[in-house]
Amino acid sequence: MAHAATNPQEIPAQQSSFRKSLSEPRTLVNTALTVLALLFSVFAMFPLFSVLYMLLAKGATQLSLSLFTELTPGAGMEGGGIGNAIVGTLVVVAVSTVLALPLGFMGAVYLAEYGGESKLAVVVRFCGKVLTGLPSILAGVFAYAMVVVTTGSFSALAGGAAMAVLMIPTVMLTAESALRAVPSKMKMAAFGMGATRAQVVTKIVIPTAIPGILTGVMLALARAMGETAPLLFTALFSDYWFGGELLKPIASLSVLIYNFAGSPFEHQIALAWAASLVLVTIVLVLNVIAQIVTRRPEEH
Amino acid sequence: MISVTRFATTAVAFIGLIGFSLACSKKEAPPAETTPSASAAPVAAAGPVTLQGSGASFPAPLYSRWFREFGEKNKDVRVNYQSTGSGAGIKAFIEGQTDFGASDAAMTDEEIKQAKDNVILLPMTAGNIVLAYNLEGVTDLKLTREVYAGIFLGTIKKWNDPKIAASNPGAKLPKIDISVVHRSDGSGTTFVFTQHLAAINEKWKSGPGVGKSVEWPVGVGGAKNDGVSAQIKQTPGAIGYIEYAFAATTKQPSALLENKAGKFVAPSLQGSAAALAAVELPADMRAWVTDPAGDEAYPIVTYTWILAHKKYDDKAKSAALKSVLKWSLQDGQKLSEGLFYVPLPEKVASNVLKAVDTIE
Amino acid sequence: MASTGMKAGPDLTEAFRSPVSRPPSAWQKNFDVAFKYLAHAFGAGVVLLLGGVVFEVMRHAKTAIADYGFKFLTTSTWDANRADFGILPEILGTLYTSILALGMGGFLGITVALVLSQGFVPRKVELAMKNVIELLAAIPSVVYGLWGIFVLVPLLRGPAGWLNEHFESIPFFSTRLSGPGILPAALVLSIMILPTVTAISREAMAAVPKRLAAAAYGLGATRWEVIFNVTLPTSAGGIFGALVLGFGRALGETMALAMLVGNANVFGFSLFSPGNTLAALLANHFPEAGNVEVGALMYAALVLMLITLAVNALGSWIMLHATRELKGLG
């Protein structure tokens, strides 16, 4: 060689070791940060466990058949249950699903199958994202203006309408992902056989995407069940069972929790915890089911 | 493919959820808990008539009890009363969203006009407004007029203020701040309380003034009597104004207030009935006693009204409402004292009964 | 044994019987067209829905804007009787609680995202933690409010009292915690935005090409050196978007705040003083508002809507930009 790069003997001998030593400042900092990060993470999960613990400790004491079969007690009254609130929540959510599903689902079909990246599709997708961030109380204000004022009374329908506004964006965006995830090979094969676009969508894409779509619906349901603000001035509340009249006020678990949380009466507070336990159980079950369903593809 | 256990769990959860909701929706009205006794004749109607009412939280415990009892004796009338605060009740009633309203502030002329004059105001019961407080170890707190007005004006800030100590010798008053609790919603209780404060204190009259909702110089807001009671219960050093029933049933001590005669009086039901009976009810049945005289008189007492229409389009509803109201004015009054409300003076009750008869 | 010849293929008779395999009938052609229009219509419907919500709120707020003008945004009274309305404390309260929540929830969220994406814990634990964080998001706001009243506030009373006693001169601790207040509200709010920040940050971090991190490790960097010098800078765009979206979520949150912020029309920097937010104001006053008050509330709703829409739109735009950047790196 013309000139040797460096004489190996001139490189100062360093005590290099590949083992991590805590005496090294860099290692120390690294380990300390790791410990801190893990501590913070555990701390971040603490509220969930605290909430679940309180729900079980305070709410489980109220668990009995009468909790589910009796009506909400008035101020200072003993006994009673939350049966009408449970049914009410299910009714309002059912109404909102009926209202939200067509718009959310077909909107997703549009985005995934027809719109692509066209100008309208970009706008639709943007509107969907913006609607997911809409404060729930504004959905309530909208439903109040559209339904309560025109029908002249607080009603389950108004509550359902407010919830629908909140459900639509979630349903639409998750359904769009599910529809897009259908392998294009299947679609191409159908086109190759001479199917119309509508046939491809209805007979192949949608059936294949059902698990993903259902997930979206379940997550939207779970969110809708827990919303309170919109119901405060649309569905109001009722101390009676739902009798089939959609144009009358109706009870709901979330409004019950809100009302009873601010109550000075021990019994009502206990029922608030019990109602929270029931509500959170339903919501968590829906979320876990959704997690299970979306976990399937990862198994292959 | 999906594992069998996963599938099974999911399926069971789903079926459980659906089954549960089906089971619940089939539920009919709950069976009667007590045997109905001979009382008001049941209303003849095709199916159950549902009356929707909302309003004051002040009488809500009593109304709930009345409507529940009446409903058990008369299966064809259901009264759904939602405690939302007087302000909300008046508004819903004016807009026709409810069949009747309830308010401790009755209705103003302006509001009656908005309801197209199709309104009749019916005093159904009465009650004391007490200043409930949360001070460990302090019972029988005595507050002079100057002091309790000052507390709500924000001029007296700590519990160990000399002015409070002066009327409570021997009481261990802590050094902590006074946490005032007032209403955050439009409230008849606020109206009555501020009316009284304006009557006894010039600074209040020219300052925050009178109203269902005012600019409070200090304090946090709670929703309805329930919320204020809950706040007081949970906050050491708190004081707030609530209906007596709420203080009594939640076992919060109420302060003894200095009345017009200069005596410290505890809330009393009989004494308040006497104070109210001394005032003649005018034709529109709106009357307030802002500062009753007499040694035994408790200073803050008020009627509370049910707001009904003079004329209903749905005759079944008006008939049902009349029977509920009549029962409440007769049998219902027997329940008042037990629930810490002031029973209507005899003369007043009979006048209101006559008024109920005029409802079409 | 057949050297050429066709393999016996699958039995296609069933396939040929399927309606899809025939040329479309007239009905199917019409259905195709109808379906296409239906899909387009519903797609446009979503745009109309958003437009409808904005339009309705603006329509009802119009008269109030004319009546109260700019004064609405700068005064502090809320008096329905004298028609004197001002939402300054609410605007400030909304911003203050959300910024506090962003600080706490954002910091925690990024930390958790790091722990979940940088291989600090075994896969199974990562999955469990991820599920727990997702479940945090599933808990309804009103339940957090209930928990806040009966668990958080009593828990905070002691330390808050101590801080107020010893550090009263610092503006943050200048009042006593009587119950609900800015701090309990901000704490619950931070718990609620944590899952959002974590999820989006995690995605941003996972999108960092592994080659970059590997190169740094190869040069002898420690895990945290890689994080601070490679992962965080590269995913900064996505993390920023996560924070903005979390902030947007905090701004619109209603129930937990209505139950915990104290509903007092005052604003102070003290963490322990009560306050109010736009959403809580709406929740408290809407049910009972007469016509005059409804107008003012609609005006407040409009302000809330504009703030949240602006922040959420900004967040979405940042995310779009950030993911495009990362795609370029891949």
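The structure presented is a predicted model; accordingly, all values stated were derived computationally and were not measured.

## What about the overall build of chain C?
Phase 1: Within chain C, the secondary structure is distributed over 12 helices and 2 strands.
Phase 2: Going residue by residue from the N terminus, the α and β elements of chain C occur as α-α-β-β-α-α-α-α-α-α-α-α-α-α.
Phase 3: Taken over the C-alpha trace, chain C has a radius of gyration of 27 Å; the compact-globule value for 330 residues is 20 Å, which it surpasses by more than 25%.
Phase 4: Once the C-alpha set of chain C is aligned to its principal axes, its extents read approximately 95 × 65 × 35 Å.
Phase 5: When burial is assessed residue by residue, chain C has 54% of its 330 residues classed as buried.
Phase 6: Contacts spanning at least 24 positions in sequence make up 74% of the contacts within chain C whose residues lie at least 6 apart.
Phase 7: As presented, chain C carries roughly 14600 Å² of accessible surface, and 69% of it is formed by carbon and sulfur atoms.

## Examining the side chain of glutamine 28 of chain C
Phase 1: With respect to the helices, strands and loops of the structure, glutamine 28 of chain C is situated in helix 2 (residues 26-68).
Phase 2: Looking at glutamine 28 of chain C, its side chain comes within polar contact range of the main-chain nitrogen of serine 25 of chain C, at 3.0 Å.

## Quick look at the sheet that holds strand 5 (residues 142-143) of chain B
Residue and element names in this part refer to chain B.
Phase 1: Spatial strand order, 5-9-10: 3 strands in an open sheet with mixed pairing. A strand with exactly one partner marks an edge of an open sheet, and here the two such strands are strand 5 and strand 10 (264-265).
Phase 2: Both strand 9 (residues 256-258) and strand 10 contribute to a ladder of 2 bridges, which runs antiparallel. Bridging across to strand 10, leucine 257 finds its partner in valine 265.

## Concerning the interface of chain A and chain C
Phase 1: With 78 residues of chain A in contact, the opposing surface of chain C contributes 80 residues.
Phase 2: Together chain A and chain C conceal approximately 7100 Å² of surface at their shared face, both sides included; 82% is due to carbon and sulfur atoms.
Phase 3: On inspection of chain A and its partner chain C, the count reaches 1 salt bridge.
Phase 4: Note that glutamate 225 of chain C and arginine 26 of chain A form a salt bridge whose closest N and O atoms lie 2.7 Å from each other.
Phase 5: Connecting chain A to chain C are 10 residue pairs in polar contact (both at pLDDT 80 or more).
Phase 6: Element by element, the count of residues in the side of chain A that touches chain C is highest for helix 1 (residues 25-59) of chain A, at 18 residues.
Phase 7: Looking at the side of chain A that touches chain C residue by residue, the class counts come to 55 nonpolar, 18 polar and 5 charged.

## With respect to the packing of helix 5 (residues 145-153) of chain B against helix 7 (residues 188-200) of chain B
Residue and element names in this part refer to chain B.
Phase 1: Relative to each other, helix 5 and helix 7 sit at 125°, their axes nearing to 11 Å. When the axes of helix 5 and helix 7 are compared, the pair comes out oblique. Crossing geometry of helix 5 relative to helix 7 is assigned as left-handed. Side by side, helix 5 and helix 7 meet where Arg145, Tyr148, Ala149 and Phe152 of the first sit next to Phe193, His196, Leu197 and Ile200 of the second.
Phase 2: When its residues are assigned to classes, the contact of helix 5 with helix 7 shows 6 nonpolar, 1 polar and 1 charged.

## A few points about unusual backbone geometry
Phase 1: With a phi close to 60°, aspartate 117 of chain B is a non-glycine residue in the positive phi region.
Phase 2: Here aspartate 117 of chain B lies in the loop between helix 4 (109-114) and strand 4 (120-133).
Phase 3: Classification of aspartate 117 of chain B as partly exposed rests on a relative accessible area of 48%.
Phase 4: A positive phi is found at asparagine 263 of chain C, a non-glycine position, where the angle reads about 50°.
Phase 5: Tracing the sequence through the fold places asparagine 263 of chain C in the loop between helix 10 (255-260) and helix 11 (278-285).

## Concerning the environment of proline 25 of chain A
Phase 1: Along the polypeptide, proline 25 of chain A turns up in helix 1.
Phase 2: Note: C-alpha distance between proline 25 of chain A and valine 293 of chain A (268 residues apart in sequence) is 47 Å.

## A look at the sheet that holds strand 2 (residues 77-83) of chain B
Residue and element names in this part refer to chain B.
Phase 1: Ordered by their spatial adjacency, 8 strands build an open sheet running 2-1-3-11-4-8-6-7, and the pairing between neighbours is mixed. Of all strands in the sheet, those with a lone pairing partner are strand 2 and strand 7 (220-222), marking the two edges. Averaged over all pairs of adjacent strands, the angle between their axes in this sheet comes to 25°, without regard to strand direction.
Phase 2: In terms of strand pairing, strand 4 meets strand 11 (residues 301-308) through 8 bridges, oriented antiparallel.

## Side note on the packing of aromatic side chains
Between two aromatic rings, the relevant description is the distance of the centres plus the angle of the planes.
Phase 1: Counted by the stated rule, this structure contains 40 aromatic pairs over all chains.
Phase 2: Seen in terms of ring centroids, tryptophan 216 of chain B and tyrosine 241 of chain B are 5.4 Å apart; in terms of plane orientation they differ by 25°. Their pairing is stacked. Highlighted residues: tryptophan 216 of chain B in the loop between helix 8 (202-206) and strand 7 and tyrosine 241 of chain B in strand 8 (residues 238-243), separated in sequence by 25 residues.
Phase 3: Residue classification places tryptophan 216 of chain B among the buried residues on the basis of a relative accessible area of 12%.
Phase 4: An angle of 55° between the planes, with centres 6.3 Å apart, marks the rings of phenylalanine 72 of chain C and tryptophan 78 of chain C as tilted. You'll find phenylalanine 72 of chain C and tryptophan 78 of chain C in the same group, each marked buried.
Phase 5: The cationic tip of arginine 197 of chain A hangs over the ring face of tyrosine 114 of chain A; the distance from NZ or CZ to the ring centre is 5.6 Å.

## Re the interface of chain B and chain C
Phase 1: At the interface, 25 residues of chain B touch 26 residues of chain C.
Phase 2: Summing the contributions of chain B and of chain C, the shared interface buries around 1700 Å²; its carbon and sulfur component is 40%.
Phase 3: Three residues stand out in chain B for area buried against chain C, namely Lys91, Glu215 and Gln234 of chain B, and they jointly supply 29% of the buried area on that side.
Phase 4: For the pair chain B and chain C, the number of links is 0 salt bridges.
Phase 5: Applying the counting rule to chain B against chain C returns 3 residue pairs in polar contact (both at pLDDT 80 or more).
Phase 6: Where the side of chain B that touches chain C is concerned, the elements lending two or more residues are helix 3 (86-94), strand 7 and helix 9 (224-234) of chain B.
Phase 7: No other element matches helix 3 of chain B, which puts 3 residues into the side of chain B that touches chain C.

## So, the pairing of strand 1 (residues 49-55) of chain B
Residue and element names in this part refer to chain B.
Phase 1: Most of strand 1 is tucked away, with 7 of its 7 residues classed as buried.
Phase 2: The two faces of strand 1 match: Val49, Leu51, Gly53 and Gly55 on one face and Thr50, Gln52 and Ser54 on the other face are all buried.
Phase 3: With 7 bridges joining them, strand 1 and strand 2 adopt parallel strand pairing. By the bridge assignment, glutamine 52 is partnered in strand 2 with asparagine 80.
Phase 4: Each parallel crossover has a hand, and the one from strand 1 via helix 2 (residues 60-73) to strand 2 is right-handed.
Phase 5: Sheet topology places strand 1 next to strand 3 (residues 100-103); 3 bridges connect them, and they run parallel. When the bridges of strand 3 are listed, glycine 55 appears paired with alanine 102.

## Side note on the packing of helix 3 (residues 83-115) of chain A against helix 4 (residues 119-132) of chain A
All names here are of chain A.
Phase 1: Viewed as axis vectors pointing N to C, helix 3 and helix 4 meet at an angle of 150°, and their least axial separation amounts to 10 Å. Considered as vectors, helix 3 and helix 4 are oriented roughly antiparallel to each other. Taken as a pair, helix 3 and helix 4 cross one another with a handedness that is left-handed. In contact with Tyr110, Leu111 and Gly115 of helix 3, helix 4 contributes Leu120, Ala121, Val124 and Arg125.
Phase 2: Classifying every residue of the contact of helix 3 with helix 4 by side-chain character gives 5 nonpolar, 1 polar and 1 charged.

What counts, and at which threshold
- Residues numbered from 1 in each chain as written.
- Chains lettered and ligands numbered in written order.
- Predicted model: local features only at pLDDT ≥ 70, side-chain atom pairs only at ≥ 80, totals over all residues.
- Heavy atoms only, no water.
- Helix = DSSP H or I, 4+ residues; strand = E, 2+ residues; numbered from the N terminus.
- Rg over C-alpha atoms; globule rule 2.2 N^0.38 Å.
- Buried < 20%, exposed > 50% of the residue type's maximum accessible area, 1.4 Å probe, protein only.
- Contact = heavy atoms within 4.5 Å.
- Areas by Shrake-Rupley, 256 points an atom, 1.4 Å probe, with all protein chains shown as cover.
- Polar contact = N/O pair within 3.5 Å; in protein donor to acceptor, adjacent residues only side chain to side chain.
- Pairing = 2+ DSSP bridges.
- Buried area = accessible area lost by both parts, 1.4 Å probe.
- Salt bridge = Lys/Arg side-chain N within 4 Å of Asp/Glu carboxyl O.
- Nonpolar A, V, L, I, M, F, W, Y, C, P; charged D, E, K, R; others polar.
- Axes fitted to C-alpha atoms, helices over the stretch in contact; angles between N-to-C directions.
- Parallel < 35°, antiparallel > 145°, perpendicular 65-115°, else oblique.
- Left-handed = near helix turned anticlockwise from the far one by under 90°.
- Phe/Tyr/Trp six-rings, centres within 6.5 Å; stacked < 30°, edge-to-face > 60°.
- Lys NZ or Arg CZ within 6 Å of the ring centre and 35° of its normal.
- Right-handed = clockwise from strand over helix to strand, strands pointing away.

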